[in-house]
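Residue-level listing of the chains:
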Amino acid sequence: MKFGIIGSNFIVDEFLENAFKIDDFEFFSMYSRSMEKALMFKEKYGCKNCFDDMEEFLNSGIDCLYVASPILIHEDQVIKALDKKINVLCEKALTVGYDSFLRMKNAADRNGVLLMDAMVPVYTKSFSTI
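Residues numbered from 1 in each chain as written. Predicted model: local features only at pLDDT ≥ 70, side-chain atom pairs only at ≥ 80, totals over all residues. Heavy atoms only, no water.

Trainee: Is there a simple way to think about helix α4 (residues 74-83) in this case?
Mentor: Each turn of an α-helix holds 3.6 residues, which means side chains three or four residues apart point in the same direction. Where α4 is concerned, the buried positions are His 74, Gln 77, Val 78, Ile 79, Ala 81 and Leu 82. After α4 finishes, the residue Lys 85 shows a positive phi value of roughly 65°. (Buried < 20%, exposed > 50% of the residue type's maximum accessible area, 1.4 Å probe, protein only. Helix = DSSP H or I, 4+ residues; strand = E, 2+ residues; numbered from the N terminus.)

Here it is as structure tokens:
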């Protein structure tokens, strides 16, 4: 699987440390608003491509996308990826509201791809209460 990653915060390090344990995982492309930050991840983890242009990044040949950007921009980035038929794993929280979620869900359904939230809080007290 050729993975693309959006974002360059600490959670991306945690994601990559675990993702590399999967045999067919390939860190293919990195997007950051700062090319300097993208290049730091390339040096540290060895991705093939770095981008600071979203359109070029989404057209780089990725199969799957991990989104770890600020929550308020998830919707736009996720829908753009889904519309390019890229499966998306989006860091928590997926979005800020129900209408935003529906737009993302509809894009996934329309394009026949997966949209997943990166957090399943099965060990939290609130989850056990639910």
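Trainee: Quick question: what am I supposed to make of the environment of Ala 118 here?
Mentor: Relative to the helices and strands, Ala 118 resides in the loop between β6 (115-117) and α6 (125-129). With relative accessibility at 31%, the residue Ala 118 sits in the partly exposed group. Along the chain, Ala 118 and Glu 91 lie 27 residues apart, while their C-alpha atoms are 4.7 Å from each other. Contact partners of Ala 118, with chain neighbours within four places excluded, come to Tyr 66, Leu 89, Cys 90, Glu 91 and Lys 92. (Contact = heavy atoms within 4.5 Å.)

Trainee: Looking at this structure, I do not really get the sheet that holds strand β1 (residues 2-6). What am I missing?
Mentor: In any sheet, the strands associate via hydrogen bonds between backbone groups, in a parallel or an antiparallel arrangement. Spatially, β3-β2-β1-β4-β5-β6 is the arrangement adopted by the six strands of the open sheet, whose pairing is parallel. Because the sheet does not close on itself, it has two edges, and the strands there are β3 (49-51) and β6. Neighbour-to-neighbour, the strand axes of the sheet open up by a mean angle of 20°, direction not taken into account. Here helix α2 (residues 35-45) sits on the sheet and contacts β2 (26-31) and β3; the angle it forms with β3, its principal contact strand, is near 165°. (Pairing = 2+ DSSP bridges. Axes fitted to C-alpha atoms, helices over the stretch in contact; angles between N-to-C directions.)

Trainee: Mind showing me how you'd approach the nonpolar core here?
Mentor: Within soluble globular proteins, side chains that are nonpolar generally end up buried alongside one another. The biggest cluster of nonpolar side chains holds 22 residues, and the ones touching the most others in it are Phe 57, Leu 65 and Val 88. Of all elements in the fold, only β2, α3 (54-58), β4 (64-67), α4, β5 (87-90) and α5 (98-111) reach the threshold of two or more residues within this core. The biggest single contributor to this core is α4, with four residues. The residues contacting Leu 65, other than those within four sequence positions of it, are Phe 3, Gly 4, Ile 5, Ile 6, Phe 57, Leu 58, Ala 81, Ile 86, Asn 87, Val 88 and Leu 89. Ala 19, Met 30, Tyr 66 and Leu 89 belong to the second largest nonpolar core, which has 19 residues in total. (Core = buried A, V, L, I, M, F, W, Y, C linked by side-chain atoms within 4.5 Å.)

Trainee: Honestly, the state of the cysteines in this entry has me stumped. Any pointers?
Mentor: A covalent bond between the sulfur atoms of two cysteines is referred to as a disulfide. Under the defined criterion, the tally for this structure stands at zero disulfides. Free cysteine Cys 50: the closest other cysteine sulfur is in Cys 47, separated by 3.8 Å. Of the residues examined, Cys 50 reaches a relative accessible area of 14% and is grouped as buried. We note that Cys 64 lacks a disulfide partner, and the nearest cysteine sulfur, in Cys 90, lies 14 Å from it. (Disulfide = S-S within 2.5 Å.)

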